[in-house]
Amino acid sequence: MSLLSRGPVRRSARLMTVSTMDVCITEPQFDTTPTFKRRISSVEKVGPDGYAIATSEAIIAPAPEEVCSPPVAKRQKRAAKAEEKGMAKDPDGLEHTETPTKPKRRKKEIVEPVYIIPEVEKKTTTYRGRLGYACLNTVMRNKKPASESVFCSRTCRIDSVKKNGIDFVKDLGRKNVQDLLTLIQWNEDNHIRFFRLSSEMFPFASHEKYGYSLDYCSDLLAQAGALANKYKHRLTTHPGQYTQLGSPKPNVVESSIRELAYHAEMLDLMGVGPDGVMIIHGGGVYGDKPTTLKRLKESIRNLPPNIFNRLVLENDEMCFNAEDLLPLCEELNVPLVFDYHHDNLFPSSIPPKEIIQRANAIWKKRGIRPKQHLSEQRPGAVTILERRAHSDRCENLPPDLPDDMDLMIEAKDKEQAVLHLHRMYGLQPVIQASLRPPNKNPTKQTQGRKSNKRAKAAKNSLDKQLEEADENPAGDFEEEPIVHGDEEDA
DNA sequence: CTGGGTCAAGGAGTT
DNA sequence: AACTCCTTGACCCAG
């Protein structure tokens, strides 16, 4: 099933593409509302496929003939539905066109926005490997109405687990995998064959108290894995920052191993091959890097084989750079994912080229296809915090990328960042309808927490005082308003 | 439907 | 010790 045929609301929609104009329009409904008539009126001619050709304003609509009279099959379908509801039929077997006794409740019309996609700068590369994105597809996630949204990170709070029971949580997981199937198909349709699975696929699955086995979902997982395998998609995972294999606290290491076991179980049940790796960072240094590295090494050495076989390490931007990890990786035969952005922020004394060579030697030895991470800092970023935040998209591929390596693009715009690179470098054909315009004014700030309790409280108290001052302009403030200099702007 | 506060987990840095 | 940040999206409740 392709994107173009998905979903009930879309049943009469056409996604149209004008390849020469780099503009994509979607037309939502075959309707005869004034809005729609206005749109059709700007269509100049009908193409050989029966679709309208865009005018210079790039307004596209289905052929007017079809608009005025939906295809017979569709009308019959509607008639059948109407009959179910006990409505009268016309002699031609089609639905009754007169207003039923009960006034029809009109569904609120959802008008697809019109996207103007700017041209991209054309660049060249010798790279022909796969580009991937992580966990979330912005186009599918933002589908309206909300019931149409496709995503794999439904979750809940512990309180909801207690309130609704474990089956409620398991249902979330099932829905997530169901949507994963849709996303894999979307990726295939859009020539993206590399994807990171969300760690939130099964909420609390690795939780000490509320954890559960994924067996209940094995059929669906196998189905998703089979689809990915059929299309030769690579699926990987990236357990989060709380995975601390080097922690001095035994219970923290235990929790980390549970987390890894959950990810491995998911990949195993999907039937994903050895390329389905689990990437983690070195973790904290606990004030003593050499000792922590020893603990890390021991933890990894003692992992059960099904976890060890999928485990790979990645250089981070704070604690362990590539140079710190390489000796451990080489000794234990644990592959290293090279992250360009992290290496930029926390460089090794070894040049990237050499790190990559040594890393690739491990990947090769293990018979796993290498992968690297690519991201860029946000434009205008200066401070270390700003520089750590990922930009919306990536504008450049590194030089000398080998073809037998998959490149994970870590960018805020997710799949759009991949499509952006596909277009710039001519790597893959792109479906225009899948494109979204870039944010014109990206901030240099992080995506992180913007609120601050004290600042908020201060603001509230200030607002209150201003309100009071409004009511009583002559009145004095009883207290000086607290103002915090570090409060971020909205 | 929207906005704001908050969330399972761990560690580092600041005050 | 208490708090904030890391990254991040989604929950959840109030309006």
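Residues numbered from 1 in each chain as written. Chains lettered and ligands numbered in written order. Predicted model: local features only at pLDDT ≥ 70, side-chain atom pairs only at ≥ 80, totals over all residues. Heavy atoms only, no water.

- If you check an unreviewed UniProt entry, chain A appears there as UV-endonuclease UvdE from Panaeolus cyanescens.

1. With respect to the environment of Lys 440
So, point 1. Secondary-structure assignment places Lys 440 in the loop between helix H15 (415-425) and helix H16 (453-471).
So, point 2. We classify Lys 440 as exposed; its relative accessible area is 77%.
So, point 3. Spatially, the C-alpha atoms of Lys 440 and Val 252 are 43 Å apart, while their sequence positions differ by 188 residues. (Helix = DSSP H or I, 4+ residues; strand = E, 2+ residues; numbered from the N terminus. Buried < 20%, exposed > 50% of the residue type's maximum accessible area, 1.4 Å probe, protein only.)

2. Here's the deal with the packing of helix H7 (residues 218-230) against helix H8 (residues 250-270)
So, point 1. Where H7 meets H8, the axes come as close as 7 Å, and the angle between the chain directions of the two elements is 70 degrees. Between H7 and H8, the angle falls in the class roughly perpendicular. Residues Ser 218, Leu 221, Ala 222, Ala 224, Gly 225, Ala 226 and Asn 229 of H7 form the contact with H8, whose participating residues are Met 266, Leu 269 and Met 270. (Axes fitted to C-alpha atoms, helices over the stretch in contact; angles between N-to-C directions. Parallel < 35°, antiparallel > 145°, perpendicular 65-115°, else oblique. Contact = heavy atoms within 4.5 Å.)

3. Structural notes on the pattern of salt bridges
Oppositely charged side chains can pair when the atoms bearing their charge come close.
So, point 1. In total, this model carries 17 salt bridges according to the counting rule given.
So, point 2. For Asp 406, the salt bridge identified is with Arg 369, shortest N-O distance 3.0 Å. Of this pair, Asp 406 sits in strand S13 (residues 406-409) while Arg 369 is found in the loop between helix H13 (352-366) and strand S12 (371-374), placing the two residues 37 residues apart along the sequence.
So, point 3. The closest approach of N and O atoms between Arg 378 and Asp 392, which form a salt bridge, is 3.1 Å. Of the two residues, Arg 378 sits in the loop between S12 and helix H14 (384-388) while Asp 392 sits in the loop between H14 and S13, which places them 14 residues apart along the sequence.
So, point 4. Owing to a relative accessible area of 2%, Arg 378 belongs among the buried residues under this scheme.
So, point 5. The exposure class of Asp 392 is buried, given its relative accessible area of 8%.
So, point 6. Shared partners join several salt bridges into a network, and the residues in it are Arg 130, Arg 234, Arg 369 and Asp 406. (Salt bridge = Lys/Arg side-chain N within 4 Å of Asp/Glu carboxyl O.)

4. Side note on the confidence of the model for chain A
When pLDDT is low, close inspection of the predicted coordinates is not appropriate.
So, point 1. Averaged over chain A, the pLDDT score is 74; the fraction of residues at 70 or greater is 67%.
So, point 2. When pLDDT is averaged over each helix and strand of chain A, the minimum, 23, is found for helix H1 (residues 34-41) and the maximum, 97, for H7.
So, point 3. For residues 1-106, every residue scores under 50 in pLDDT, and the model assigns this stretch 153 contacts once sequence neighbours within four places are set aside.
So, point 4. Segment residues 447-490 is flagged for pLDDT under 50; beyond a separation of four residues in sequence, or across chains, it makes 19 contacts in the model. (pLDDT = per-residue confidence, 0-100.)

5. As for the nonpolar core
So, point 1. Counting 94 residues, the largest nonpolar core has Phe 202, Ile 300, Leu 397, Leu 407 and Ile 409 as its most contacted members.
So, point 2. Ignoring any residue separated from it by four or fewer positions in sequence, one finds Leu 397 in contact with Thr 125, Tyr 127, Leu 131, Leu 374, Leu 407, Leu 421, Tyr 425 and Leu 427. (Core = buried A, V, L, I, M, F, W, Y, C linked by side-chain atoms within 4.5 Å.)

6. Description of H15
So, point 1. Most of H15 is tucked away: eleven of the eleven residues are buried.
So, point 2. Three or more residues of H15 are buried, namely Glu 415, Gln 416, Ala 417, Val 418, Leu 419, His 420, Leu 421, His 422, Arg 423, Met 424 and Tyr 425.
So, point 3. For H15, the elements touching its buried residues are strand S6 (131-134), helix H4 (138-141), helix H6 (166-189) and S13.
So, point 4. Just past H15, the residue Gly 426 takes up positive phi, approximately 60 degrees.

7. What about the packing of aromatic side chains?
So, point 1. Under the criterion given, the structure shown has five aromatic pairs.
So, point 2. Ring geometry for Phe 202 and Tyr 216: centres 6.2 Å apart, planes at 85 degrees, overall edge-to-face. In this pair, Phe 202 is assigned in the loop between strand S7 (194-197) and H7 and Tyr 216 in the loop between S7 and H7, connecting sequence segments 14 residues apart.
So, point 3. Assessed through its relative accessible area of 1%, Phe 202 is described here as buried.
So, point 4. Looking at Tyr 216, the relative accessible area reads 24%, which means it is partly exposed.
So, point 5. Taking 4.9 Å as the distance between ring centres and 80 degrees as the angle between the ring planes, the aromatic pair formed by Phe 338 and Tyr 340 counts as edge-to-face. For the pair formed by Phe 338 and Tyr 340, the shared burial category is buried.
So, point 6. Among the aromatic side chains, those forming a connected cluster through ring pairs are Phe 202, Tyr 212, Tyr 216 and Tyr 262. (Phe/Tyr/Trp six-rings, centres within 6.5 Å; stacked < 30°, edge-to-face > 60°.)

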